[in-house]
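# Analysis of the macromolecular model
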Amino acid sequence: MINPDAIGRTFTGAEITITQSEIDAFCAVLGEKNTSVAPATFSIRISLDQSQAVLTSPEVGVNWDRIVHGDQKFEIHSPLKAGDVVKCDCTLEGYKQMAGNEFVTARSDLYVDGKLAVTNWSTLVVRA
């Protein structure tokens, strides 16, 4: 069960550097030919790693093996590109229970050079 005290908290992640090979591989899966910038959905690769680390931490207490994807939304302020050093902060924005399942909404804010580049929201379901 998710620790209700974790809802509303922001967890700061480490910085990572985006490589061209990561963008190329992501674009290849999508069939995208333009690899000069990362596709809009590329940010989930970064934010999902951060969300997993946050949600499975002892202070939050989610069993990642029980997680399924519920919903995703993106707000792009500036595209991500190779060489960007990105810091991802994850805020657990919402929580509810339905039919024995837990629903948690995580907002990930990705910063490049201290400026907000991408915000994405993930609704994740912890199956009963």
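Described below are features of the structure shown in this document. (Residues numbered from 1 in each chain as written. Predicted model: local features only at pLDDT ≥ 70, side-chain atom pairs only at ≥ 80, totals over all residues. Heavy atoms only, no water.)

### Quick look at the overall build of the protein
As a reminder, the rule being used: Helix and strand labels come from DSSP, where a helix needs a run of H or I of at least four residues and a strand needs a run of E of at least two; each type is numbered from the N terminus. With C-alpha atoms as the basis for the radius of gyration, the globule rule is written as 2.2 Å multiplied by the number of residues raised to the power 0.38.
Scanning the protein from terminus to terminus reveals two helices and five strands. Secondary structure elements of the protein, listed N to C terminal, follow the sequence β-α-α-β-β-β-β. What you see for the protein is a C-alpha radius of gyration of 15 Å, in line with the 14 Å of a compact globule of 128 residues. Structurally, the protein occupies a C-alpha span of about 45 × 30 × 20 Å along its principal axes.

### Here's the deal with the pattern of salt bridges
Our working definition: Definition used for salt bridges: Asp or Glu carboxyl oxygen within 4 Å of a side-chain nitrogen of Lys or Arg.
Here the structure, examined in full by the defined rule, presents six salt bridges. Here Asp84 makes a salt bridge to Lys81, at a shortest N to O gap of 3.2 Å. Because the salt bridges share partners, they merge into one network encompassing Glu93, Arg107 and Asp109.

### Focus: helix α1 (residues 20-30)
One full turn of an α-helix is made of 3.6 residues, so residues set three or four places apart face in the same direction. For clarity, the cut-off: Per-residue accessibility, obtained with a 1.4 Å probe over protein chains only, is compared with the maximum for each type, and a residue is labelled buried under 20%, exposed over 50%, and partly exposed between these values. Here the arc refers to the set of directions running from the helix axis out to each C-beta atom.
For α1, the full list of buried residues reads Ile23, Phe26 and Cys27. The buried residues of α1 all sit within an arc of 100° when viewed along its axis, so they share a single face. Facing away from the buried side of α1, by more than 90 degrees, are the exposed residues Ser21, Ala28 and Val29. The positive-phi residue at the C-terminal boundary of α1 is Gly31, with phi of around 80°.

### A closer look at helix α2 (residues 43-55)
Applied cut-off: The length a helix should cover is 1.5 Å for every residue beyond the first. What makes two residues a contact is simply this: any of their non-hydrogen atoms within 4.5 Å.
Between the first and last C-alpha of α2 there are 18 Å, a value that for 13 residues agrees with the 18 Å anticipated at 1.5 Å per step. By the burial criterion, the buried members of α2 are Ser43, Ile44, Ile46, Ser47, Gln50, Ser51, Val54 and Leu55. End-on view of α2: buried residues confined to an arc of 160°, all on one side of the axis. Among the structural elements, β1 (10-17), β2 (67-76), β3 (85-98), β4 (101-112) and β5 (115-126) are those in contact with the buried residues of α2.

### Concerning the side chain of Asp109
As a reminder of what qualifies: The definition of a polar contact used here is a pair of N or O atoms within 3.5 Å, where within protein one atom must be able to donate a hydrogen and the other to accept one, and adjacent residues in sequence count solely through side-chain atom pairs.
Of note, Asp109 is situated in strand β4. Take Asp109: its relative accessible area is 8%, and that puts it in the buried class. Within polar-contact distance, the side chain of Asp109 engages the side chain of Thr119 at 3.0 Å. Dropping the residues within four chain positions of it, Asp109 is found in contact with Lys87, Cys88, Asp89, Leu116, Val118 and Thr119.

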